[in-house]
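# Coordinates in review
Listed below, chain by chain, are the residues.
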Amino acid sequence: MKINIQAELAAAQKHLERAIEGMLQQRDIKHVTGLGRAKHTVQETLTQIQREEAGHVSHFKVC
């Protein structure tokens, strides 16, 4: 089974957005900052993958 990484990242971003919204609705803001950082990281990764596919140079290092 081939995994569509971009689709998985987009789904992860939506899940994080829903989790953040839920926490804000419940006024439980302890972990919102961490979830926001995670959402930002997912968005950066998705953007970088899209740029690479468009022919731009990657700034990620492969370990």
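Sequence order as written defines residue numbering, which begins from 1 separately in each chain. The predicted origin of the model limits local features to residues at a pLDDT of at least 70 and limits the giving and counting of side-chain atom pairs to 80 or more, whereas totals for whole chains, interfaces and linings rest on all residues. Working from all heavy atoms in the structure, the side-chain values ignore hydrogens and water.

A few words on the overall build of the protein chain. In terms of regular secondary structure, the protein chain is built from two helices and zero strands. Counting only contacts in the protein chain whose residues sit at least 6 apart along the sequence, the fraction spanning at least 24 positions is 43%. Each helix is a run of H or I in the DSSP string that is no shorter than four residues. Each strand is a run of E no shorter than two, and both are numbered from the N terminus. Any two residues whose heavy atoms approach within 4.5 Å at even a single point are treated as in contact.

The salt bridge criterion pairs a side-chain nitrogen of Lys or Arg with a carboxyl oxygen of Asp or Glu, the two atoms within 4 Å. Counted by the stated rule, this structure contains one salt bridge. Residue lysine 39 pairs with glutamate 17 through a salt bridge whose shortest N-O separation is 3.9 Å. Separated by 22 residues along the polypeptide, lysine 39 in helix α2 (residues 32–53) and glutamate 17 in helix α1 (residues 5–25) bring together distant segments of the chain. A simple rule labels every residue: compare its accessible area, found with a 1.4 Å probe on the protein chains alone, to the largest value its type can have, and call it buried under 20%, exposed over 50%, or partly exposed in between. Residue lysine 39 is classed as partly exposed on the basis of its relative accessible area of 28%.

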